[in-house]
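Examination of the molecular architecture
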Amino acid sequence: MPKKLYQPAIVRKELNDEHFYFVDGKFFPSVTRILQSLPMPYALLKWYGDLGVERAEQRRDAAGDRGSLVHDICGRLMNGLEIELVKTFPQKRDQKSIVGFVNWFNDYKPEFKVEDIEKTVASNLGFAGTLDLFCKIKGEPVIVDFKSSASIHDSHKLQLTAYQQAFEEMTGIKAKRWILHLNPLVKSGYSLYGEDKMTIKKKPVTADDFMKVFEVYKMLNGGVVPEPDLEEIYPETIKLFDRVK
C-alpha cells in the first residue's frame, strides 16, 4: 500500500519583507528562520569584525535585496518574460549572475511546470518554506536552490535538505538536491553543487541534521515554537462610513 501523502492547506503571509507560513491553520516556522539558530560562520564573524557591525549590516541588507531581485528575475525568465538586463542590474557582477542563470538553463535544459517555480512546501515535522524550482533534468527529479551569495555555506545545504524532506512528504518524490551558485567569478557565471557535495565535514547532510537545528531553535525559544507577532495594519486616513476591514 503506497504511503499517504501529506497534503495540507498552506497559507503564506508577508509582513515587513518576512514570510510566515500557516499550515492547516497552525503557524509553522520557515526553514530559513530555523537555520538562524546556527552559529555565525567564522568567515562571517571576521567580516563583521573587520567592517564594524553597522557597515556590515548595511552591506548584508544590500546583499539580501540584491539576492531577492536576482531570484525574482530568474522567476520571470522562467515564466518566459524578457528582461532589460543592464537597466535592471547596473553592476557587471549582477549582469554576469543573470547570464550565469541563462547559461545553466541552456546547458541543462530543465523541464518544469509554471506551478513548480517558487513552490511552497511544508513538512509534517512542523516547518515550511518555498523552494526555488522543482524540475526534471535528463528525466531525473531535482529541486534547485538558487544562491547569489559570495560562497555556499553549510546552512544552504541544510536548507535544501529540509525542502527535499517536505517535498517528498507532499509528493512522494525523492528529488535530488542541487544548489545553483550564480557566481560572477566563474567564466560560465555559475557553479553547481549536486548530491555529492551535500555534505558537512564529509558527512552526508540528512533531514535528521536539520531536525537537530530545529530542536535548538525550539530550545532557544523556551522549548516551543513562538507564535509570530503579526501586527494589524490600519489605513493612514479614516472617516465615518468607511468600512474598515
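Residues numbered from 1 in each chain as written. Predicted model: local features only at pLDDT ≥ 70, side-chain atom pairs only at ≥ 80, totals over all residues. Heavy atoms only, no water.

**Digging into the side chain of Thr-130**
- Considering the arrangement of structural elements, one finds Thr-130 in strand E5 (residues 128-137).
- In this structure the side chain of Thr-130 is engaged in a polar contact, spanning 2.8 Å, whose partner is the side chain of Arg-12.
- At 2.8 Å, the side chain of Thr-130 forms a polar contact with the side chain of Tyr-21.
- Beyond its immediate chain neighbours, meaning those up to four positions away, Thr-130 contacts Arg-12, Tyr-21, Glu-118, Lys-119, Thr-120 and Tyr-163. (Helix = DSSP H or I, 4+ residues; strand = E, 2+ residues; numbered from the N terminus. Polar contact = N/O pair within 3.5 Å; in protein donor to acceptor, adjacent residues only side chain to side chain. Contact = heavy atoms within 4.5 Å.)

**Structural notes on the nonpolar core**
- Counting residues in hydrophobic clusters, the biggest one holds 31 residues, and the most contacted among them are Phe-127, Ile-143 and Phe-210.
- Elements represented by at least two residues in this core include exactly strand E2 (18-23), helix H1 (31-35), strand E4 (117-122), E5, helix H6 (154-171) and helix H7 (207-220).
- For this core, the leading source of residues is H6, giving seven residues.
- In this structure, Met-78, Phe-101, Leu-133 and Leu-180 belong to the second largest nonpolar core, which totals 19 residues. (Core = buried A, V, L, I, M, F, W, Y, C linked by side-chain atoms within 4.5 Å. Buried < 20%, exposed > 50% of the residue type's maximum accessible area, 1.4 Å probe, protein only.)

**A short note on the sheet that holds strand E7 (residues 176-182)**
- Pairing is mixed in the open sheet, where five strands are placed in the order E4-E5-E6-E7-E8. One side of each edge strand has no neighbouring strand; the edge strands of this open sheet are E4 and strand E8 (190-193). Strand-to-strand twist across the sheet, computed as the mean angle between neighbouring axes with direction ignored, equals 40 degrees.
- Along the sheet, H6 makes contact with E4, E5, strand E6 (140-147) and E7, crossing E6 at roughly 140 degrees. (Pairing = 2+ DSSP bridges. Axes fitted to C-alpha atoms, helices over the stretch in contact; angles between N-to-C directions.)

**Some details on helix H5 (residues 92-108)**
- With 17 residues, H5 should reach 24 Å at 1.5 Å per residue; the first-to-last C-alpha distance of 24 Å fits that figure.
- Burial in H5 covers these residues: Asp-94, Gln-95, Ser-97, Ile-98, Gly-100, Phe-101 and Trp-104.
- Following H5 by one or two positions, Lys-109 adopts a phi angle in the positive range, close to 45 degrees. (Expected span 1.5 Å × (residues − 1).)

**Brief notes about a nonpolar patch on the surface**
- Together, Val-216, Met-219 and Leu-220 line one region of the surface with nonpolar side chains, adding up to about 290 Å² of accessible area.
- For Val-216, the location among the structural elements is in helix H7.
- You can call Val-216 partly exposed: its relative accessible area is 31%. (Patch = residues over 30% accessible without salt bridge, like charges linked within 9 Å, V, L, I, M, F, W, Y side chains within 5 Å. Areas by Shrake-Rupley, 256 points an atom, 1.4 Å probe, with all protein chains shown as cover. Salt bridge = Lys/Arg side-chain N within 4 Å of Asp/Glu carboxyl O.)

**Describing unusual backbone geometry**
- In this model, Lys-109 sits at a positive phi of 45 degrees, which is unusual for a non-glycine residue.
- Of the residues examined, Lys-109 reaches a relative accessible area of 58% and is grouped as exposed.

**Some details on the confidence of the model for the protein**
- Mean pLDDT over the protein: 86, with 80% of residues reaching 70 or higher.
- Contacts from residues 56-64, a stretch scored under 50 in pLDDT, to residues over four places away or in other chains number eight contacts. (pLDDT = per-residue confidence, 0-100.)

**A short note on the pattern of salt bridges**
- Inspection of the entire model under this criterion finds eleven salt bridges.
- Asp-94 serves as the salt-bridge partner of Arg-93, at 3.7 Å between the closest nitrogen and oxygen.
- The class of Asp-94 is buried, set by a relative accessible area of 7%.
- Between Lys-174 and Glu-168 there is a salt bridge, with its nearest N and O atoms 3.6 Å apart.

**Overview of the environment of Trp-178**
- The topology assignment puts Trp-178 in strand E7.
- The class for Trp-178 is buried, based on a relative accessible area of 14%.
- Counting along the chain gives 45 residues from Trp-178 to Leu-133, while the straight-line C-alpha distance between them is 10.0 Å.
- For Trp-178, the residues in contact, after removing those within four places along its chain, are Trp-104, Tyr-108, Ile-137, Val-142, Ile-143, Val-144, Asp-145, Leu-160, Leu-192, Tyr-193 and Gly-194.

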